[in-house]
Amino acid sequence: MADPRKERAGEGEALLRRLRRLKIRAAAAGTADRLELLALIDDIETVRRKLLRECAQLDEERRLATVRVAAFNTYARVARAAGAPQRRGH
């Protein structure tokens, strides 16, 4: 099974472009064209849900990166403290 993160990588920009196109179509659709408007509403809702999922995924990746940076910094401090004694100036 494919990694869903790889499938959606960079999808945010494409979704935003799709949302702009839907907005243009919605503005051009007449109020009498009920079926077209219903289809547009469904498409817009689909794009909105996908964008919300991508935002949640990015937020999780940001959180994990923050945790990793904190761990790296802690590791570096411990390594410096446990390392060879520092030399004093000549």
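Everything quoted here is computed from the prediction, not taken from an experiment.

Visitor: When you look at the overall build of the protein in this model, what are you seeing that I'm missing?
Guide: Helix and strand content of the protein: three helices and zero strands. Secondary structure elements of the protein, listed N to C terminal, follow the sequence α-α-α. By the burial criterion, 10% of the 90 residues in the protein qualify as buried. For the protein, contacts bridging at least 24 residues in sequence account for 62% of all contacts bridging at least 6.

Visitor: Help me out: how do you make sense of the packing of helix α2 (residues 11-28) against helix α3 (residues 34-82) in this one?
Guide: How two helices sit against one another is set out by the angle between their axes and by the gap between those axes. Between α2 and α3, whose axes approach to 10 Å, the crossing angle comes to 160°. As summarised for this structure, α2 and α3 are arranged roughly antiparallel, according to the angle between their axes. The chirality of how α2 crosses α3 is left-handed. Note on element contacts: α3 touches α2 through Glu36, Leu37, Leu40, Asp43, Ile44, Val47, Lys50, Leu51 and Glu54, opposite Glu11, Gly12, Leu15, Leu16, Arg18, Leu19, Leu22, Arg25 and Ala26.

Visitor: When you look at the nonpolar core in this model, what are you seeing that I'm missing?
Guide: One recurring pattern in soluble globular proteins is that nonpolar side chains are buried together. Listed in full, the six residues of the largest apolar core are Leu15, Leu22, Ala29, Leu40, Val47 and Leu51. Elements supplying a minimum of two residues to this core: α2 and α3. Looking at which element gives the most residues to this core, the answer is α3, with three residues.

Visitor: Explanation requested: a nonpolar patch on the surface in the structure shown.
Guide: On the surface, Leu35, Leu38 and Ile41 cluster together into a nonpolar patch covering about 330 Å² of accessible area. Tracing the backbone through its elements, the reader meets isoleucine 41 in helix α3. Residue class for isoleucine 41 comes out exposed when judged on its relative accessible area of 54%.

Rules used throughout
Residues numbered from 1 in each chain as written. Predicted model: local features only at pLDDT ≥ 70, side-chain atom pairs only at ≥ 80, totals over all residues. Heavy atoms only, no water. Helix = DSSP H or I, 4+ residues; strand = E, 2+ residues; numbered from the N terminus. Buried < 20%, exposed > 50% of the residue type's maximum accessible area, 1.4 Å probe, protein only. Contact = heavy atoms within 4.5 Å. Axes fitted to C-alpha atoms, helices over the stretch in contact; angles between N-to-C directions. Parallel < 35°, antiparallel > 145°, perpendicular 65-115°, else oblique. Left-handed = near helix turned anticlockwise from the far one by under 90°. Core = buried A, V, L, I, M, F, W, Y, C linked by side-chain atoms within 4.5 Å. Patch = residues over 30% accessible without salt bridge, like charges linked within 9 Å, V, L, I, M, F, W, Y side chains within 5 Å. Areas by Shrake-Rupley, 256 points an atom, 1.4 Å probe, with all protein chains shown as cover. Salt bridge = Lys/Arg side-chain N within 4 Å of Asp/Glu carboxyl O.

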